[in-house]
Amino acid sequence: MSSRRLFFNEAIARALAEEMEREDKLVVLGQDVGAYGGAYKEFAGLYERFGAQRVRDTPVAEAATIGIALGAAAAGLRTLVSITYMDFLILGLEPLVNYAAKARYKTGGAVRVPAVVKTTAGAKGQGVAHAQCIESWLMGVPGLKVVAPSNPADAYGLLKTSLREEGPVVFVDHKRLFSTAGEVPETNEVSMPLGKAAIVRPGTDVTLAAHSYAVRIAVEAAERLEPAGVSCEVIDLRTLAPLDVESIGESVARTRALVTLEEGQPACGVGSEVAFRVRERLDVGIRVARVAARPAPVSSNAVLEAEVLPDAARVVETTLTLLEGR
Amino acid sequence: MPDRPDPVDLLRSMLLIRKFEEALAFQPDRGFQLLSSGEEAVAVGVCAALDDRDQLLSSGRSIGPALARGIEPHLVMAELLGKISGPNRGKGGRGHLASPDDGFFGAHAVVGGNLSIAAGVSLAAQLEGRGAVVACIFGDGACGAGALHETLNIAALWKLPLIFVCDNNGFSISTPVARGVAAERLSDLAIPFGIPRRTVDGMDVFAVYEAAREFADVARRGDGPGFLECRSERFASHSTSTRETRSNEELAAARERCPILHLGARLEADGTLDAAGRSALEKDVEELVSRAIRFSGEAPRPSPDDALSDVV
């Protein structure tokens, strides 16, 4: 299969353009998604190609915008609604959690909501309310799928799959990922199922499980640990709900040690869920540790931001401590 | 759609809601229900202005809207009593009944929660271009919610074919509307958005119908949304498990405004429906309700396994 080198934001735009070409009923809504092309140019070219009816700028009204996107999807369209920063998704959780996630269930299957809520998480110098990674909040909502790719190929593949789902999907990207590049396969097929993690770096001593931008930190930590004689297997979760406990469990069954890494908070975080689910699954003793943001808001102040965010050094330190005396 | 609905049909529809709820209230296993009694004219008047292409959404107070839209009473009863023969297999129950194929897109028991969903349904209708309109019935309580104001703004900007129907029954559980919403006339909330508005007597089914029809015609032509406030009376407390806060005198005064009483008297006075006709009408409706009770009584409950089906 041939491939092209694309930036993460280009991979999103390409996936959307292809799906909009294929499906007339797919409509994109959100702030600045039109001629402006999205805060990170991840919608570039769509407005020019598909027009204002299908690529709709919305007012600053996240709650209604999400509700409208979900209602339109329930009534026969397919929609992608962009919420610029994940912090603002909080404003629209009501229709997402109370309506869309429950629509199929509460109607006994009469209503489906084929909508994608795309939102950007992560800290990059913009302060306490433009920085949060709250994807773990959504993992416990029955009826929601949560996707968080770490590279352009996965962003492309997982977005295309998400856009063909019959129920609501939250697609979480990250501010620091848009400018990363990678090979993206040249295909119009959908071949990347939700709920499948990927081993991005094989290893034997410890499993590092991460998602989104944190996968890059995990890989960096793995590279630093190698000279110290620690072989890390890095798993990219890719989808948080459903969670691929089988793949993570297989890895941890071999390494007997798990370090979870995320940019969000540790309490009730992705890592605590991953660790518990893996522990439930395995009947062998395993060592577990987690690395996450420190329990404080993430300031725009560079010194404070760096202190709160997890980095490769903390992963290295945590991993070495976990494996002490093994 | 006939130019003007048959008044006897409207009376029948309102009577059905009233008698249905009276029978429901007698069911020992009815659980928590939000009743529409007193507010029948709002649902019936609005539905008389809708046609088969259109969709209706409502708040959790959905029995009147669902029956007025024409969902079979026995199916509504089965759903409300948690039976799998309901349109939602008993999973929606009170507050979340839905039957899009019947033009009832659904109830949603979050105050104001269905407004943006309805706007989305109307966006789908607008893009489909068949001239369908969407009506969303919400309570006075939703007028204090941001969801209404955000949705009014977008509906006006995009000229959505959406009728905002505020069923102002005067109370959010115990809080009188005057203490819940600063605007004296709730339809005035549409003014800053340039949305045409009306406030009508919600106990007069023709007043509701005529205003709803006017807004439906406007929306169908592509000229955007309308805001219809219907001033109604809730005859019972907020729900079957909520304490009543009004005095007996206040309740008696509310019941004096009964929409069924008034339409019935008018039709008798003008000779449209004599005593024999009225009695036959009541009998018809009672038979429908009896059938609904029988059907739902015999219908099975879901199995525990159903708790985990249709989730994702």
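Read on for an overview of the structure.

Examining the overall build of chain B
The helix and strand tally for chain B stands at 11 helices and 8 strands. Here the C-alpha radius of gyration of chain B, 19 Å, is about what a compact globule of 312 residues would show, namely 20 Å. Taking the principal axes of its C-alpha atoms as reference, chain B extends roughly 55 × 50 × 40 Å. Counting over 312 residues, chain B shows a buried share of 55%. Counting contacts in chain B only where the partners sit at least 6 residues apart, residues at least 24 apart contribute 74% of the total. Carbon and sulfur atoms make up 50% of the accessible area of chain B, which totals about 12,600 Å². Once the 33 positive and 44 negative side-chain charges of chain B are each reduced to a mean point, those two points are 2 Å apart.

Quick look at the packing of aromatic side chains
A ring pair, where both rings are aromatic, is described by two values, the distance of the centres and the angle of the planes. Residues and elements named next belong to chain A. Going through the model one piece at a time under the given rule, you end up with 6 aromatic pairs over all chains. For the ring pair Tyr40 and Phe178, a centre distance of 4.5 Å and an interplane angle of 15° mean the geometry is stacked. One end of the pair, Tyr40, is in the loop between β2 (26–30) and α2 (46–50); the other, Phe178, is in the loop between β7 (169–174) and β8 (181–185), with 138 residues separating them in the sequence. Relative accessible area serves as the criterion here: at 4%, Phe178 is assigned to the buried category. Members of the aromatic cluster, joined through ring pairs, are Phe8, Tyr40, Tyr85, Phe88 and Phe178. Arg14 extends its terminal NZ or CZ atom over the ring of Tyr156, reaching a point 4.6 Å from the ring centre. Taking the ring centre of Tyr85 as reference, the NZ or CZ of Lys175 above it sits at 4.2 Å.

Here's the deal with the side chain of Glu18 of chain A
Along the chain, the position of Glu18 of chain A falls in helix α1 (residues 8–22). Polar contacts involving the side chain of Glu18 of chain A include one to the side chain of Lys160 of chain A, which spans 2.6 Å.

Examining the nonpolar core
Formed by 84 residues in total, the largest nonpolar core has its most connected members in Leu89 and Val113 of chain A. Mapped onto the domain boundaries, this core takes at least three residues apiece from domain 1 (3–185) and domain 2 (198–323) of chain A. Listed in part, the 62 residues of the second largest apolar core include Ala135, Ile137, Val205 and Phe215 of chain B.

Concerning the packing of helix α2 (residues 40–48) of chain B against helix α8 (residues 205–220) of chain B
All names here are of chain B. Packing of α2 against α8 brings their axes to within 7 Å, and their N-to-C directions diverge by 40°. As far as their axial angle goes, α8 and α2 are oblique. Seen from above, α2 lies across α8 with right-handed handedness. Between α2, through Ala41, Val42, Val44, Gly45, Val46 and Ala48, and α8, the contact on the second element is made entirely by Val205, Val208, Tyr209 and Ala212. Among the residues forming the contact of α2 with α8, the class breakdown is 9 nonpolar, 1 polar and no charged.

Conventions used here
- Residues numbered from 1 in each chain as written.
- Chains lettered and ligands numbered in written order.
- Predicted model: local features only at pLDDT ≥ 70, side-chain atom pairs only at ≥ 80, totals over all residues.
- Heavy atoms only, no water.
- Helix = DSSP H or I, 4+ residues; strand = E, 2+ residues; numbered from the N terminus.
- Rg over C-alpha atoms; globule rule 2.2 N^0.38 Å.
- Buried < 20%, exposed > 50% of the residue type's maximum accessible area, 1.4 Å probe, protein only.
- Contact = heavy atoms within 4.5 Å.
- Areas by Shrake-Rupley, 256 points an atom, 1.4 Å probe, with all protein chains shown as cover.
- Lys, Arg positive; Asp, Glu negative; His and termini not counted.
- Charge placed at Lys NZ, Arg CZ, Asp CG, Glu CD.
- Phe/Tyr/Trp six-rings, centres within 6.5 Å; stacked < 30°, edge-to-face > 60°.
- Lys NZ or Arg CZ within 6 Å of the ring centre and 35° of its normal.
- Polar contact = N/O pair within 3.5 Å; in protein donor to acceptor, adjacent residues only side chain to side chain.
- Core = buried A, V, L, I, M, F, W, Y, C linked by side-chain atoms within 4.5 Å.
- Domains from an automatic or database assignment.
- Axes fitted to C-alpha atoms, helices over the stretch in contact; angles between N-to-C directions.
- Parallel < 35°, antiparallel > 145°, perpendicular 65-115°, else oblique.
- Left-handed = near helix turned anticlockwise from the far one by under 90°.
- Nonpolar A, V, L, I, M, F, W, Y, C, P; charged D, E, K, R; others polar.

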